Structure formats: C-alpha cells, structure tokens
Protein chains: 2
Amino acid sequence: MCEANAYLERDGNEELILENVDIIEPENGQVFIRNIFGEQKVVNSRIKRISLIDHKIILEKIN
Amino acid sequence: MCEANAYLERDGNEELILENVDIIEPENGQVFIRNIFGEQKVVNSRIKRISLIDHKIILEKIN
C-alpha cells in the first residue's frame, strides 16, 4: 500500500501523529490529514518534507 | 511503486508537470518536487491536495 505516516517535528524529534495517511491538504497555517480508516487530524503546522518512497510526511510547527 | 504524479491546476485544468515524484518540499511560495529519476522542478505554487491512494499531487498557482 502507498500510504505514508505523518510525523510532527518538535524540538528536533519526530512524533508519529497519524499512520496510513492518504489525504494531505494544507490550509491557512494548518495541515489536514486523513488516513485510509477515515481518521483525520488538523495540525497547526506546515509541511516540511514528504518522501513517498520512505512513506514519510514531516510536518513542523509554525513559530 | 508508491510515487505520485504532480499536476499544476490552472484555469480549472490539471496539467501534468512531473511523473513518479518522490520528494515534495514547499518553501516560500514555491514547491520543490523531485522524482525517482532525479528530475526536479521548483514550481511557483502551493500544495492544494495530495492523495497518496490516487498517486496524485495537485499544486495550484498562487494569485
């Protein structure tokens, strides 16, 4: 499967916040993510980097 | 494989700009994308929506 895991970078650490993410939508200083099970989160952050090969979405807090 | 294709939305149409994208990095009103063959582009745009299941990255022009 081609979903990715979403991590929030905080103080140099990556905290796993949602697995098996399908949808990613940045909007107004927030990032909406939804996984294949319908779980969703809105995170006060911006997208730092996504690597689809690594199945990794890195979000970072906006200062 | 789990890459996605990147499209730029313009006037309601989606124009394919890069296939087999691995890396996505938004920065300062631009989006950097790189595919598995090392081809890369910097697009004056923002990420509108990514669906990993659909293998689709939609960028939109910033007005």
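Definitions and limits used
Residues numbered from 1 in each chain as written. Chains lettered and ligands numbered in written order. Predicted model: local features only at pLDDT ≥ 70, side-chain atom pairs only at ≥ 80, totals over all residues. Heavy atoms only, no water. Salt bridge = Lys/Arg side-chain N within 4 Å of Asp/Glu carboxyl O. Helix = DSSP H or I, 4+ residues; strand = E, 2+ residues; numbered from the N terminus. Buried < 20%, exposed > 50% of the residue type's maximum accessible area, 1.4 Å probe, protein only. Contact = heavy atoms within 4.5 Å. Buried area = accessible area lost by both parts, 1.4 Å probe. Polar contact = N/O pair within 3.5 Å; in protein donor to acceptor, adjacent residues only side chain to side chain. Nonpolar A, V, L, I, M, F, W, Y, C, P; charged D, E, K, R; others polar. Pairing = 2+ DSSP bridges.

Considering the pattern of salt bridges
Part 1 of the reasoning: Applying the stated criterion to the full structure yields 10 salt bridges over all chains.
Part 2 of the reasoning: In this structure, A:R46 and A:E60 form a salt bridge, with 2.7 Å as the shortest nitrogen-oxygen distance. With A:R46 in strand β5 (residues 46-51) and A:E60 in strand β6 (residues 56-60), the pair connects residues that are 14 residues apart, well separated along the chain.
Part 3 of the reasoning: Looking at A:R46, the relative accessible area reads 32%, which means it is partly exposed.
Part 4 of the reasoning: Assessed through its relative accessible area of 17%, A:E60 is described here as buried.
Part 5 of the reasoning: B:E25 is the partner of A:R49 in a salt bridge, and the nearest nitrogen-oxygen pair spans 2.3 Å.

Structural notes on the interface of chain B and chain A
Part 1 of the reasoning: Contacts between chain B and chain A engage 21 residues on the former and 22 residues on the latter.
Part 2 of the reasoning: Overall, the association of chain B and chain A removes approximately 1,800 Å² of surface from exposure, summing both partners, and the carbon and sulfur fraction of that is 59%.
Part 3 of the reasoning: Counting the surface chain B buries against chain A, the share from its top three residues, B:C2, B:L52 and B:I53, is 33%.
Part 4 of the reasoning: Across the chain B-chain A interface, the total number found is 2 salt bridges.
Part 5 of the reasoning: Taken together, the links from chain B to chain A amount to 12 residue pairs in polar contact (both at pLDDT 80 or more).
Part 6 of the reasoning: Going through the elements one at a time, β2 (13-27) and β5 (46-51) of chain B are the ones with two or more residues in the side of chain B that touches chain A.
Part 7 of the reasoning: Residues of the side of chain B that touches chain A, tallied by class, amount to 12 nonpolar, 2 polar and 7 charged.

Observations regarding the pairing of β2(B)
Part 1 of the reasoning: Sheet topology places β5(A) next to β2(B); 2 bridges connect them, and they run antiparallel. Following the sheet pairing, A:S51 is matched in β2(B) by B:I23.
Part 2 of the reasoning: Sheet topology places strand β1 (residues 4-10) of chain B next to β2(B); 6 bridges connect them, and they run antiparallel. Of the residues in β2(B), the one forming a bridge with B:L8 is B:E15.
Part 3 of the reasoning: Count of turn residues in the β1(B)/β2(B) antiparallel hairpin: 2 residues, of which B:D11 carries a positive phi of about 55°.
Part 4 of the reasoning: One ladder, built from 6 bridges, connects β2(B) with strand β3 (residues 30-35) of chain B; its direction is antiparallel. Directly across from B:P26, in β3(B), lies its bridge partner B:V31.
Part 5 of the reasoning: The hairpin turn running from β2(B) into β3(B), its antiparallel successor, is 2 residues long, and B:N28 in that turn takes a positive phi close to 50°.

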